[in-house]
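Residue-level structural notes
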Amino acid sequence: MYIWPYTVSAVVCHVCKCVLVLYLQFYNEQEAKKYSQNSRMIEIQTQMSERAVELLSLPEDQPCYLLDVGCGSGLSGDYLSEAGHYWVGVDISTAMLDVALQRDVEGDLLLGDMGEGLPFRPGMFDGCISISALQWLCNADKKTHSPPKRLYRFFSTLYSSLARGARAVFQIYPENSEQLELITAQAMKAGFTGGMVVDYPNSSKAKKFFLCLFAGVSGVLPKGLCSESTDRGVSNQAQFTAQRSRFKNMKGKSVKKSKDWIMEKKERRRRQGKDVRADTKYTARHRKPRF
Amino acid sequence: MKLLTHNMLTSHVQGVIKGYPLIIKATEVKVNELEFSAPFVSRMIPKLEWSALIQAAEWLGQSQDLPSTLIPDYEKDEEFLRKVHRILLEVEVVEGCLQCPESGREFPISKGVPNMLLIEDE
């Protein structure tokens, strides 16, 4: 099938004939080769892989067994090999994997869709990195399983594939805050803790987002990099935990009829001097519909 | 596909309970040479499902006097570690397929890359 200027790759995931098709369209044989030979691209990917491995906080001087999700043509994998680690790469594009094979990468490659879940036994990997790949899970058209479902299936299988105390670091380019929230919500649902590390938050060009997830043991979130002269007012970390929080809607007000809303309304009426019943353990308790 | 990876792979088709270990039906096998790293091999041995590894080695005709159960104190035995290194990282399946022991569903291997993509109903 020829859609100018791309040729759709012969491998199309049957479940998601969606943005994955777009990914395969972008990275057909020619594009995959161009992507991997572009020296600027290689430089950026290598730098991001280096930072991701740094954030993994692996024990020093120990060869580890790592997972590279969305390994593509193996640019990030090469960095892992150079750092002395052994790795397994998963990608959905045969074109990109073919380039990886041509480049003779040392890691073992798998053709697979991360949204279908990872096909591994529990507790196998010492860590996981993913460079510029997670955003492909977030978009989908109506024909497919919903992105949250795919994200959850990916994160839950990743959580089980990682050894206790292992980390997963994802370099992403988040489109907007909704996308970020979607990703973090599914990751937390799968059992991960962790947060976002932002490098160079004040530079629009150098700004990089790394989602750091911990499997099993809650770790200290690493600090994001920032240039010397920046104003320290901008925080470059966002930590999230498994704690539940009371939700407020977009305007900062409580959701109507919720406990928060009722308590606030009672306070308001007390301030107005009106006669208000005392708060007890029954205040704002949910009543059955026939009440 | 190296046997180290095979030892980790299961069938992730929904509804399958025991999709491990995947049966290897290889039509082309290759043996490479890779630098030996004793610390890595001794760290990986406890993670391995040893019986699955021996079985996989037999399917490929590469069992070559590997013991059927893990010997204690393997960390000091360099010869043993070298044998394990060979079977884990140097033997590679280039063409063939992986079959789920429960459902019989096959995952083809082409150019050393197993195709784990699921179809619509899985």
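All figures in this text were calculated on a predicted structure; none of them were measured in a lab.

1. Some remarks on the overall build of chain A
Along the backbone of chain A there are eight helices and 10 strands. Taking all 291 residues of chain A together, the buried fraction comes to 49%. Of the contacts made within chain A by residues no fewer than 6 positions apart, 64% connect residues no fewer than 24 positions apart. Of the roughly 15,900 Å² that chain A leaves accessible, carbon and sulfur atoms contribute 52%.

2. As for the interface of chain B and chain A
In this assembly, 32 residues from chain B lie in contact with 32 residues from chain A. Carbon and sulfur atoms supply 57% of the area buried between chain B and chain A, which totals about 2,800 Å² over both sides. Looking only at chain B, the three residues that lose the most surface to chain A are B:M8, B:K47 and B:L117, adding up to 22% of its buried area. Linking chain B to chain A there are four salt bridges. The residue B:K111 makes a salt bridge to A:D98 at a minimum N-O spacing of 3.0 Å. At the surface where chain B touches chain A, the tally comes to 18 residue pairs in polar contact (both at pLDDT 80 or more). Among the elements of the structure, α1 (3-8), α2 (38-44) and β4 (113-114) of chain B are those that each provide at least two residues to the side of chain B that touches chain A. Ranked by the residues each element gives to the side of chain B that touches chain A, the list is headed by α1(B), at four residues. By residue class, the composition of the side of chain B that touches chain A is 16 nonpolar, eight polar and eight charged.

3. Quick word on the sheet that holds strand β1 (residues 23-31) of chain B
All names here are of chain B. Strand order across the open sheet formed by four strands is β1-β2-β3-β4, with antiparallel pairing between neighbours. Each having just a single partner strand, β1 and β4 make up the two edges of the open sheet. Of the strand pairs in this sheet, strand β3 (residues 106-110) and β4 are connected by two bridges, and their pairing is antiparallel. Residue pairing for β4: I109 is matched across the bridge by P114. Sheet strands touched by helix α4 (residues 78-90): β1 and β2 (91-99). Its angle to β2, the strand with the most contacts, is close to 60 degrees.

4. A short note on the packing of aromatic side chains
Under the defined criterion, the tally for this structure stands at 10 aromatic pairs over all chains. Here the aromatic rings of A:Y65 and A:F125 are separated by 5.0 Å at their centres, their planes lie at 15 degrees, and the arrangement is stacked. In this pair, A:Y65 sits in strand β3 (residues 65-69) while A:F125 sits in strand β6 (residues 125-131), placing the two residues 60 residues apart along the sequence. With a centroid separation of 6.4 Å and 55 degrees between ring planes, the pair formed by A:Y65 and B:F40 is classed as tilted. Here B:F40 lies in helix α2 and A:Y65 lies in strand β3, a pairing that spans two chains. Given the relative accessible area of 2%, A:Y65 is considered buried. Residue classification places B:F40 among the buried positions, given a relative accessible area of 1%. Ring-pair connections join several aromatic residues into one group, and the members of that group are A:Y65, A:Y86, A:F120, A:F125 and B:F40. In this arrangement the basic side chain of A:K189 is found over the ring face of A:Y152, its NZ or CZ atom lying 4.9 Å from the centre.

5. Quick look at a positive patch on the surface
Residue and element names in this part refer to chain A. Taken together, the side chains of K256, K257, K265, R268, R269, R271 and K274 present a region of like positive charge at the surface. Relative to the helices and strands, R269 is located in helix α8 (residues 259-271). Given the relative accessible area of 35%, R269 is considered partly exposed.

6. Looking at unusual backbone geometry
Note that the residue after B:Y20, namely B:P21, is joined by a cis bond; omega there is -5 degrees. In this structure, B:P21 sits in the loop between α1 and β1. A positive phi angle, near 60 degrees, is found at A:D104, a position not held by glycine. Structurally, the position occupied by A:D104 is in the loop between α5 (94-102) and β5 (108-111). Overall, A:D104 belongs to the exposed group, its relative accessible area being 64%.

7. A short note on the confidence of the model for chain B
Mean pLDDT over chain B works out to 89, with 100% of the residues at or above the 70 mark. Complex prediction metrics read pTM 0.76 and ipTM 0.91.

8. Here's the deal with the pattern of salt bridges
Residue and element names in this part refer to chain A. The tally for this structure, following the rule as stated, stands at 15 salt bridges over all chains. With a closest N to O distance of 3.2 Å, R270 and E267 form a salt bridge. Of this pair, R270 and E267 both sit in helix α8, separated by three residues, roughly a single helical turn. Relative accessible area serves as the criterion here: at 31%, R270 is assigned to the partly exposed category. You can call E267 partly exposed: its relative accessible area is 36%. As a salt-bridge pair, D279 and R270 come within 3.2 Å of each other at their nearest N and O atoms. Linked through salt bridges whose partners overlap, the residues forming this network are K266, E267, R270 and D279.

9. Some remarks on helix α3 (residues 50-59) of chain B
Residue and element names in this part refer to chain B. Buried residues of α3: W50, A52, L53, I54, A56 and A57, and no others. Buried residues in α3 make contact with α1, β1 and α4. Positive phi appears at G61, one or two residues downstream of α3, with a value of about 70 degrees.

About the cut-offs
- Residues numbered from 1 in each chain as written.
- Chains lettered and ligands numbered in written order.
- Predicted model: local features only at pLDDT ≥ 70, side-chain atom pairs only at ≥ 80, totals over all residues.
- Heavy atoms only, no water.
- Helix = DSSP H or I, 4+ residues; strand = E, 2+ residues; numbered from the N terminus.
- Buried < 20%, exposed > 50% of the residue type's maximum accessible area, 1.4 Å probe, protein only.
- Contact = heavy atoms within 4.5 Å.
- Areas by Shrake-Rupley, 256 points an atom, 1.4 Å probe, with all protein chains shown as cover.
- Buried area = accessible area lost by both parts, 1.4 Å probe.
- Salt bridge = Lys/Arg side-chain N within 4 Å of Asp/Glu carboxyl O.
- Polar contact = N/O pair within 3.5 Å; in protein donor to acceptor, adjacent residues only side chain to side chain.
- Nonpolar A, V, L, I, M, F, W, Y, C, P; charged D, E, K, R; others polar.
- Pairing = 2+ DSSP bridges.
- Axes fitted to C-alpha atoms, helices over the stretch in contact; angles between N-to-C directions.
- Phe/Tyr/Trp six-rings, centres within 6.5 Å; stacked < 30°, edge-to-face > 60°.
- Lys NZ or Arg CZ within 6 Å of the ring centre and 35° of its normal.
- Patch = residues over 30% accessible without salt bridge, like charges linked within 9 Å, V, L, I, M, F, W, Y side chains within 5 Å.
- Lys, Arg positive; Asp, Glu negative; His and termini not counted.
- Charge placed at Lys NZ, Arg CZ, Asp CG, Glu CD.
- pLDDT = per-residue confidence, 0-100.

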